[in-house]
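Examining the three-dimensional arrangement
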Amino acid sequence: MLGETGLAKAQVPSPDTSACPDAEALVQFFAARADDGSNETLKSHVDSCDSCLRVFAALASEHFASLPQHDVADEEQNDVLVAGESVGRFVVLHPVGMGGMGHVYAAYDPELDRRVALKLMQQAGSAANASLLREARLIAKLEHPNIVTLYDVGSHGDAVYLAMEFVDGPGLLEYFRDRPLPDVLAYFDQVAAGLDAAHQQGILHRDVKPANLLVGAEDHARIADFGLAGAQAATGRIGTPAYMAPEQAKGAATAKSDQFSFCVSLLEATTGARYKSGDPLPKETPEAIRTVLTKGLQQDSEDRYADMQSLRRALAPAPPRRMWMAIPVVLLVAGLALVLWFRQPSAQVPCTDSERHVASLWNGDVRTNLERRFRELPGFGQALWERTQ
């Protein structure tokens, strides 16, 4: 049961009380009486409302303290965190997802008053945990707008926990399913930039896949779980086989292995097809990226791009041909304007015989020659000439 203290804390006002659940709804949540599907709605609201986040964390802490000790022990034995349980300085709110490397929870940091994503890594023994802690602390030094920030790392019982930036966004494959190709490429260009920044610091991801590529506000790419698969190599978990480069499957991951996994993810995001290593690209692969994917998915890593920066350049769309064709026209018009400007009479000299002077610069022959040059431009030259009249 929740005591008066928890209910009192639940009275914290929110910016928009009409949209926030009342204290009784939160109490029912923790008492497991809200079984009508409203739990997911409540969780979603708490994840986006700072005011309710604080209330939720306070109630969760009291709820956890009120649980019979044998219930708590059963949960801990199953490696499952309970709402209100403290992990380091963080208060667990609710589960978010499960993966091959551990469970992810929404949590609250009372010291810095912010929500975090708390990942409890599966127990792998003291040696593997020590390796994971070392690599996680290295990853925590990565600062890049396209990499999820790792706030803190520590031990919880026999496991390791990671406190990361909370990214509240849709799944990658679902979000880009019906989006135009330029939107998808703009997103993956950000992913490539994040990977390139990490590689330049000697850090590999080792598990690039859609599940680790998050979509933040305004389609902002956020790469999660950097390097953690490699830190758990002692347990046999060195990535996800469906996205793994051939050399990585043999235990020899390099930066070009991340490049291979990146291309598998890009192919899946644009076609919905899961690539099988060594197979030809599916026929629905967009022509604009077929060459890039063919090179990035080479079985021999030496045949792929030198680095992610090279892949980014290859993936960037070339400027339209018409743009280059228009440059001489722009220069010609600009040059003519400069000639007219510099050859105009000084303000101190009376303007005499101006008609003859203008005629020497702009006459039928000049006009005919310029019109011919415009009309020779493919597709749009005539329209551009008519606009200049």
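Residues numbered from 1 in each chain as written. Predicted model: local features only at pLDDT ≥ 70, side-chain atom pairs only at ≥ 80, totals over all residues. Heavy atoms only, no water.

Section: empty space enclosed by the protein
Stated formally: Both cavities and pockets are sets of points on a 1 Å grid over the protein atoms alone; in a cavity a 1.4 Å probe fits but cannot get out, in a pocket the set is open with protein on both sides within 12 Å along at least five of seven lines, and lining residues sit with an atom within 4 Å of a point. Grid points are joined across faces, edges and corners, and a volume is the space filled by probe spheres set on the points. Ten residues, namely Ala, Val, Leu, Ile, Met, Phe, Trp, Tyr, Cys and Pro, are considered nonpolar, four, namely Asp, Glu, Lys and Arg, are considered charged, and the remaining ones, Gly among them, are considered polar.
In this structure the tally under the stated criterion is 1 cavity of 30 Å³ or more. Approximately 90 Å³ is the volume attributed to the largest cavity. Lining the largest cavity we find 11 residues, and of these Ile139, Val148, Met164, Asp225 and Phe226 sit closest to its centre. Split by residue class, the lining of the largest cavity holds 9 nonpolar, 1 polar and 1 charged.

Some thoughts on unusual backbone geometry
Trans peptide bonds make up the majority, and among non-glycine residues the majority have a negative phi. Convention followed: Under the scheme used here, helices are H or I runs from DSSP no shorter than 4 residues and strands are E runs no shorter than 2 residues, and both carry numbers assigned from the N terminus. Partly exposed residues are those whose accessible area sits between 20% and 50% of the maximum for their type, while under 20% is buried and over 50% is exposed, using a 1.4 Å probe and protein chains only.
Located in the positive-phi region is Arg206, a residue other than glycine, with phi close to 75°. For Arg206, the location among the structural elements is in the loop between α8 (181-200) and β7 (213-215). Residue Arg206 is classed as partly exposed on the basis of its relative accessible area of 21%. Look at Glu218: it is not a glycine, yet its phi comes out positive at around 55°. Among the secondary structure elements, Glu218 is positioned in the loop between β7 and β8 (221-223).

Quick notes on the environment of Ala192
Filter applied, for reference: Contacts are residue-level and defined by heavy atoms, with any inter-residue pair within 4.5 Å sufficient.
Tracing the chain through its elements places Ala192 in helix α8. What makes Ala192 buried here is its relative accessible area of 0%. Counting along the chain gives 46 residues from Ala192 to Asn146, while the straight-line C-alpha distance between them is 9.0 Å. When sequence neighbours within four positions are dropped, the list of residues in contact with Ala192 reads Phe262, Met308 and Arg312.

What to know about the packing of aromatic side chains
We apply this condition: Stacked, tilted and edge-to-face pairs are distinguished by plane angle, under 30 degrees for stacked and over 60 for edge-to-face with tilted covering the rest, among Phe, Tyr and Trp rings (Trp via its six-membered ring) whose centres lie within 6.5 Å. Over a ring means this: the NZ of a Lys or the CZ of an Arg is within 6 Å of the ring centre and within 35 degrees of the ring normal.
Overall, the coordinates contain 6 aromatic pairs when judged by the stated rule. Their ring planes at 75° and their centres at 5.5 Å tell us that Tyr187 and Phe188 sit as a pair that is edge-to-face. In this structure, Tyr187 and Phe188 share a single accessibility class: buried. Each member of the aromatic cluster is reached from another via a ring pair, and the members are Tyr175, Phe176, Tyr187, Phe188 and Phe262. When the ring centre of Tyr151 is taken as origin, the NZ or CZ atom of Arg114, which lies over that ring, is 3.6 Å away. Just above the ring of Tyr305 sits the side chain of Lys295; from NZ or CZ to the centre is 5.4 Å.

So, the side chain of Glu85
Using the following cut-off: Within 3.5 Å is the distance limit for a polar contact, defined as a pair of N or O atoms, with the added protein rule that one can donate a hydrogen and the other accept it, and that residues adjacent in sequence qualify only through two side-chain atoms.
Position of Glu85 among the secondary structure elements: in the loop between α5 (69-77) and β1 (86-87). A residue is classified by how much of its surface remains accessible, and Glu85, at 3% relative accessible area, is buried. Among the polar contacts listed, one links the side chain of Glu85 to the side chain of His156, at a separation of 3.3 Å.

Digging into the nonpolar core
Stated formally: As used in this record, nonpolar core signifies buried Ala, Val, Leu, Ile, Met, Phe, Trp, Tyr and Cys residues forming a set joined through side-chain atoms within 4.5 Å.
By size, the foremost hydrophobic cluster in this structure holds 50 residues, and its most contacted members are Tyr187, Phe188, Phe226, Phe262 and Leu266. With 8 residues, the single largest contributor to this core is α8. Residues contacting Phe226, with those up to four places away along its chain left out, are Ile139, Leu142, Ile147, Gly194, Leu195, Ala198, Ile203, Leu204 and His205. Counting 15 residues, the second largest nonpolar core, distinct from the first, contains Val46, Phe56, Val104 and Ala117.

A look at the environment of His45
Take His45: it is sitting in helix α3 (residues 38-46). Judged by its relative accessible area of 18%, His45 is buried. Separated by 24 residues in the primary sequence, His45 and Pro21 place their C-alpha atoms 8.6 Å from one another. Those residues in contact with His45, other than ones at most four positions away along the chain, are Ala19, Cys20, Pro21 and Cys52.

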